[in-house]
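For reference, the chains in residue letters:
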Amino acid sequence: MRLSPSELILNADGSIYHLNLLPHDIAETIITVGDPDRVTEVSSHFDSIQIKKGKREFLTHTGFLNGKRISVISTGIGTDNIDIVLNELDALVNIDFETRKLKKNRIRLKIIRIGTSGAIQEDIPIDSWILTELAIGFDGLLHFYKNELSDFMEMEDAFILQTGWSPKKSRPYVVQFNADLAKKFKSNRIRFGITTTNTGFYGPQGRTLRLAPSTNGFIESISNFRYQDRQITNLEMETSGIYALSKLLGHQAVSLNCILANRATGEFSKNPEASVQELITFALQKITSD
Ligand SMILES: O=P(O)(O)O[C@H]1O[C@H](CO)[C@@H](O)[C@H]1O
Ligand SMILES: O=c1cc[nH]c(=O)[nH]1
């Protein structure tokens, strides 16, 4: 089937609508970061940079490090942006832009998120790193796609029951990392965890400045959740969308979280930039150690 101009939207130069990229602009190993400034922090480690392109909050650098071609792309904040980034990255490799038809041979991208996050358990130190094994999405993105991702229905039901989750909110969905890709990042510095992906930074993460969240004791309630002796470790705003769409599209994804805040102790990192830099260096070393 030929995709119409309103579905597969290409710019005048043939690049994909939001990312502003041509198919050959991206590598098969993709690092996603939320903050556009973090793109340069990652690509400054590259031996050479071939592509620097962007539009809106979506900035991409593609280059080589130790002979490996890598792209780093900023997603901005939130799973609504992840919907755009994942669909457009997939289109770049799996749709022929000339014929507007799906390619026969599918390419499987390796997607590694390097992001920042808040811990919700007291024993998780500031500036430590968590690799998300299971993401619990409060965002609802998955529900807009035909899918049979139901492996964790029992855990979802347990979460809804234990936290008294309001039916006014989207049903939380649980989705897993790609275990093969995750093996690459095993290290005594990395803790595997359960991450919630929240639809905002303030109310949706139980923060109160002037507005009170609808649920009293939101952080306490999700930090007390237990499933098969496991507990939620941290929260952020993209991982469930990345994992869900990667699974549906056939890509491999892992999410690395640099813990900047601890919501149980009220602490925040004294040097967030250095902390994120260290995680970038670690991730790049693992990615290029084939
Ligand atoms: O540091 P990044 O990758 O943006 O990730 C986290 O930081 C942002 C909120 O400050 C959200 O995007 C959250 O997921
Ligand atoms: O508390 C935090 C810190 C970083 N990112 C988040 O989404 N929440």
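Residues numbered from 1 in each chain as written. Chains lettered and ligands numbered in written order. Predicted model: local features only at pLDDT ≥ 70, side-chain atom pairs only at ≥ 80, totals over all residues.

### What about the site of ligand 1?
- Inspection of the region around ligand 1 gives V33, G34, D35, I77, G115, T116, F201, E236, M237 and E238 as its neighbouring residues.
- Grouping the amino acids of the shell around ligand 1 by side-chain chemistry returns four nonpolar, three polar and three charged. (Near = placed C-beta within 6 Å. Nonpolar A, V, L, I, M, F, W, Y, C, P; charged D, E, K, R; others polar.)

### Description of the nonpolar core
- Ranked by internal contacts, the top residues of the largest apolar core, which has 64 residues, are I30, I31, I114, L256 and L279.
- Ranked by residue count, the leading element in this core is strand β14 (residues 252–262), at seven residues. (Core = buried A, V, L, I, M, F, W, Y, C linked by C-beta atoms within 7 Å. Buried ≥ 20, exposed ≤ 12 C-beta atoms within 10 Å, placed from the backbone. Helix = DSSP H or I, 4+ residues; strand = E, 2+ residues; numbered from the N terminus.)

### Looking at helix α2 (residues 79–94)
- Relative to the 22 Å expected for 16 residues at 1.5 Å per residue, α2 spans 22 Å between its end C-alpha atoms, a close match to the ideal helical length.
- Among all positions in α2, only T79, N81, I82, V85, L86, E88, L89, A91 and L92 are buried.
- Contacts from the buried residues of α2 go to β1 (29–33), β3 (58–65), β4 (68–74), β5 (95–96), β10 (190–197) and α6 (239–249). (Expected span 1.5 Å × (residues − 1). Contact = placed C-beta atoms within 7 Å.)

### Quick notes on the pairing of β14
- The buried fraction of β14 amounts to ten of the eleven residues, a majority that puts the element mostly inside the structure.
- Looking at chain direction, strand β7 (residues 110–119) and β14 are connected through ten bridges and run parallel. Paired with I114 across the two strands is L256, which belongs to β14.
- Note: strand β8 (residues 129–137) against β14, three bridges, orientation antiparallel. Note that in β14 the partner of W129 across the bridge is C258.
- By the bridge criterion, two bridges tie β14 to strand β15 (residues 267–268) in an arrangement that is antiparallel. Paired with N262 across the two strands is E267, which belongs to β15. (Pairing = 2+ DSSP bridges.)

### Comments concerning the site of ligand 2
- As a structural note, the neighbourhood of ligand 2 is formed by T116, S117, G118, F201, Q205, L235, E236, M237, L260 and A261.
- Among the secondary structure elements, those contributing two or more residues to the shell around ligand 2 are β7, β13 (234–236) and β14.
- Here the shell around ligand 2 gets three residues from one element, more than from any other, and that element is β7.

### Considerations on the packing of α2 against α6
- In contact at an axis separation of 9 Å, α2 and α6 are set at 30° when each is read in the N-to-C sense. It follows that α2 is roughly parallel to α6 by the angle criterion. Crossing of α2 over α6 shows right-handed handedness. For the pair α2 and α6, contact is made by T79, I82, D83, L86 and D90 and by S240, G241, I242, L245, S246 and L249, respectively.
- For the contact of α2 with α6, the residue count by class is five nonpolar, four polar and two charged. (Axes fitted to C-alpha atoms, helices over the stretch in contact; angles between N-to-C directions. Parallel < 35°, antiparallel > 145°, perpendicular 65-115°, else oblique. Left-handed = near helix turned anticlockwise from the far one by under 90°.)

### A few points about the environment of Q228
- Mapped onto the fold, Q228 is located in the loop between β11 (226–227) and β12 (230–231).
- Judged by the 7 C-beta atoms lying within 10 Å of it, Q228 falls in the exposed class.
- Measuring from C-alpha to C-alpha, the distance between Q228 and M155 comes to 8.9 Å, with 73 residues separating the pair along the chain.

### Observations concerning the environment of M1
- With respect to the helices, strands and loops of the structure, M1 is situated in the segment before β1.
- Among the residues examined, M1 registers 7 C-beta atoms within 10 Å and is labelled exposed.
- Here the alpha-carbon distance between M1 and V85, two residues 84 residues apart in the chain, equals 23 Å.

### Here's the deal with the environment of T196
- Residue placement: T196 occurs in strand β10.
- Other than its neighbours up to four places away in sequence, T196 contacts I136, F138, I222, I232 and L235.

### Side note on unusual backbone geometry
- Unlike most non-glycine residues, N66 shows phi in positive territory, near 50°.
- Within the secondary structure, N66 sits in the loop between β3 and β4.
- Of note in the backbone geometry, D229 takes a positive phi value of approximately 70° without being a glycine.
- For D229, a count of 5 C-beta atoms within 10 Å puts it in the exposed group.

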